[in-house]
Amino acid sequence: MSSTSKKSERNRGFSRITGLSALKSRLAGLILTEDNSCILLTGPSGSGKKKIANLIAQALLCHAPTAEGACENCTSCHYFDQGNHLDFSILAAESGKKTIPTASVRSELSDLVRYPRLGKRRVILIDADELNEQGQNVLLKTLEEPLPHVRLILTSSDQSRLLPTVISRVISLKVDRRKEDEIRQIIREELVDQERSEGDLLTDDDIRFFAKFASGLPGLALELAGGDWFRQLRSDTTAIYLSLDQASELDLFTDCSAFFLEHKEQIDIIFAVLQSLIRDELCLLWRTEAEIINSDLLPQLKTVIERKQQNLARCAEQAAKDQGLVRWKEEEDSEWSRAERELQDRLATAAGLVEESREALARNVNFELTITRLLLHLKFLAAGDEIIESRKND
């Protein structure tokens, strides 16, 4: 299978990159120049960096490149599409590993002194996110003394993890998030009319959902739309979140925590589902239903929003009674009720807690403790209770 995805006679080279017109303009100049500076592509995971890096590599190796990229007809392009080009290599961590061994970096880069066998260049694609500091220092030596027949292409989801000395010696290109209509186009081009594992086809509603949910990341949209596993994961995550205000703390420590632990490898997707649900609740409060991502869950979301407002009103009433106070009836024509205003604040807090949990796991904080804390906080926020930090002051 082609390393640069499906092609058509009308869609070649950089024209296969949907959107990103500014980036494509930069690439046109880089391909036709004799400058052998290293190219660094930066962007979020799922933004399409790997696909673009492969298109750049193919164009650099092509025997007849144009400003539009590789010709895709020459011998070099043929070998590249077959995945066995003698002058192209990829340096990445082994399956199950997060870091490329320094010895592998040194060996691969030392081998670049050999001259190309099919054309005038050798190209190596390196996942810079998988280089530790020692590996980057080995790479730095190659960047400081570039070989005339070698072009390096780096990809990184977090440029801040790279050494300043590395960044100063590369041409940095940003791969931005795409527009929603561009994501829809990409899904149609790549997946429409392809049967899923159970024989279902992508509908227009499916495409709309995945385009919204992916938040501008085509790689994520294609991954989620390409199989049915995500549907079940989303359904289970939704069931847990929408029932948190009614769940007991025992449920959180057992069934809910077990679900998260079982799907530990997919935790980023679970966090994304949670954030989309919280965002949709806010859209309902703001009366902007057209912006809702999970439109198929609209009835359930409305029911939960109403229940959460009732929880807040009941808690406020009880608090007033406990303090011996009388609460005045709110004006009926008020645009926002007190419960709606408080619920908005609580949903914003909930969204922040999900992001905090994501960042904590990225720092290797204990998984079970992080998830348990998150579930407890989300439950208290949904039920109208005070969160844990507030209780500490009592």
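Procedures and definitions
Residues numbered from 1 in each chain as written. Predicted model: local features only at pLDDT ≥ 70, side-chain atom pairs only at ≥ 80, totals over all residues. Heavy atoms only, no water. Helix = DSSP H or I, 4+ residues; strand = E, 2+ residues; numbered from the N terminus. Buried < 20%, exposed > 50% of the residue type's maximum accessible area, 1.4 Å probe, protein only. Areas by Shrake-Rupley, 256 points an atom, 1.4 Å probe, with all protein chains shown as cover. Contact = heavy atoms within 4.5 Å. Salt bridge = Lys/Arg side-chain N within 4 Å of Asp/Glu carboxyl O. Axes fitted to C-alpha atoms, helices over the stretch in contact; angles between N-to-C directions. Parallel < 35°, antiparallel > 145°, perpendicular 65-115°, else oblique. Left-handed = near helix turned anticlockwise from the far one by under 90°. Nonpolar A, V, L, I, M, F, W, Y, C, P; charged D, E, K, R; others polar. Arc of directions from axis to C-beta. Pairing = 2+ DSSP bridges.

**Student:** How should I be thinking about the overall build of the protein in this particular structure?
**Tutor:** Scanning the protein from terminus to terminus reveals 16 helices and five strands. Counting the 394 residues in the protein, one finds 48% classified as buried. In the form shown here, the protein has an accessible surface area of approximately 20,500 Å², with 49% of it arising from carbon and sulfur atoms.

**Student:** Sorry, what's going on with the side chain of Arg122 here?
**Tutor:** Take Arg122: it is sitting in strand β3 (residues 122-127). Relative accessible area serves as the criterion here: at 5%, Arg122 is assigned to the buried category. Residues contacting Arg122, with those up to four places away along its chain left out, are Asp87, Asp111, Leu112, Arg114, Tyr115, Pro116, His149, Val150 and Arg151.

**Student:** Hey, could you run me through the pattern of salt bridges in this one?
**Tutor:** Side chains that carry opposite charge are capable of pairing whenever their charged atoms lie near each other. On inspection of all chains with the given rule, the structure shows 21 salt bridges. Among the ionic pairs, Glu180 bridges to Arg184, the shortest N-O distance being 3.2 Å. On the criterion of helical spacing, the pair formed by Glu180 and Arg184 is a turn pair, its members being four residues apart in helix α7 (residues 180-190). By relative accessible area, which is 25% here, Arg184 ends up partly exposed. Two residues, Asp268 and Arg358, come together in a salt bridge whose shortest N-O distance is 3.6 Å. Here Asp268, found in helix α12 (residues 267-285), pairs with Arg358, found in helix α14 (residues 338-362); they are 90 residues apart in sequence, far enough to count as distant. Asp268 sits in the partly exposed class, given a relative accessible area of 46%.

**Student:** Explain unusual backbone geometry here, please?
**Tutor:** With glycine set apart, most residues show a phi of negative sign, and most peptide bonds adopt trans. Although it is not a glycine, Glu72 sits at a positive phi angle of roughly 65 degrees. Tracing the backbone shows Glu72 in the loop between α2 (49-61) and α3 (75-82). Of note, Asn364 is a non-glycine position whose phi angle comes to about 65 degrees, a positive value. Considering the arrangement of structural elements, one finds Asn364 in the loop between α14 and α15 (367-383). For Asn364, a relative accessible area of 66% puts it in the exposed group.

**Student:** How should I be thinking about the packing of helix α1 (residues 21-32) against α2 in this particular structure?
**Tutor:** A pair of packed helices is captured by two measures, namely the crossing angle of their axes and the spacing between those axes. It is the contact of α1 with α2, at a shortest axis distance of 10 Å, that shows an interaxial angle of 25 degrees. In terms of orientation, α1 and α2 fall into the roughly parallel class. Read as a crossing pair, α1 and α2 show a hand that is right-handed. Side by side, α1 and α2 meet where Leu23, Leu27 and Ile31 of the first sit next to Ile52, Ile56, Ala59 and Leu60 of the second. Grouping the constituent residues of the contact of α1 with α2 by class yields seven nonpolar, no polar and no charged.

**Student:** Sorry if this is basic, but what is going on with α7 here?
**Tutor:** For an α-helix, the turn length of 3.6 residues means that residues three or four places apart are oriented alike. Taken as a whole, α7 has its buried residues at Glu182, Ile183, Ile186, Ile187 and Glu190. The arc that holds every buried residue of α7, seen down its axis, measures 140 degrees, which confines them to one face. Packed against the buried residues of α7 are α2, α8 (204-213) and α9 (218-225).

**Student:** Please explain the packing of helix α4 (residues 102-110) against helix α5 (residues 133-144) as it appears in this structure.
**Tutor:** Two numbers describe how α4 lies on α5: the axes approach to 8 Å, and their chain directions differ by 15 degrees. One way to sum up the angle between α4 and α5 is to call them roughly parallel. Where α4 crosses over α5, the handedness of that crossing is right-handed. On α5, the residues that touch Thr102, Val105, Arg106 and Leu109 of α4 are Gln134, Gly135, Val138, Leu139 and Thr142. Within the contact of α4 with α5, the residues separate by chemical class into four nonpolar, four polar and one charged.

**Student:** Looking at this structure, how should I read the side chain of Ser357?
**Tutor:** Residue placement: Ser357 occurs in helix α14. On the accessibility criterion, Ser357 (2% relative accessible area) is buried.

**Student:** What am I meant to see in the pairing of strand β4 (residues 150-156) here?
**Tutor:** Taken residue by residue, a regular strand's side chains alternate between the two faces of the sheet. Taken across its seven residues, β4 has seven buried, putting it largely inside the fold. Judged by which residues are buried, β4 turns out to be covered on both faces: Val150, Leu152, Leu154 and Ser156 on one side and Arg151, Ile153 and Thr155 on the other are all buried. As paired elements, strand β1 (residues 38-42) and β4 share four bridges and run parallel to each other. By the bridge assignment for β4, Leu40 is matched with Leu154. In terms of strand pairing, β3 meets β4 through six bridges, oriented parallel. Residue pairing in the sheet places Ile126 in a bridge with Leu154 of β4.

It is worth stressing that arrangement in space is one thing and function is another; only the former is reported here.
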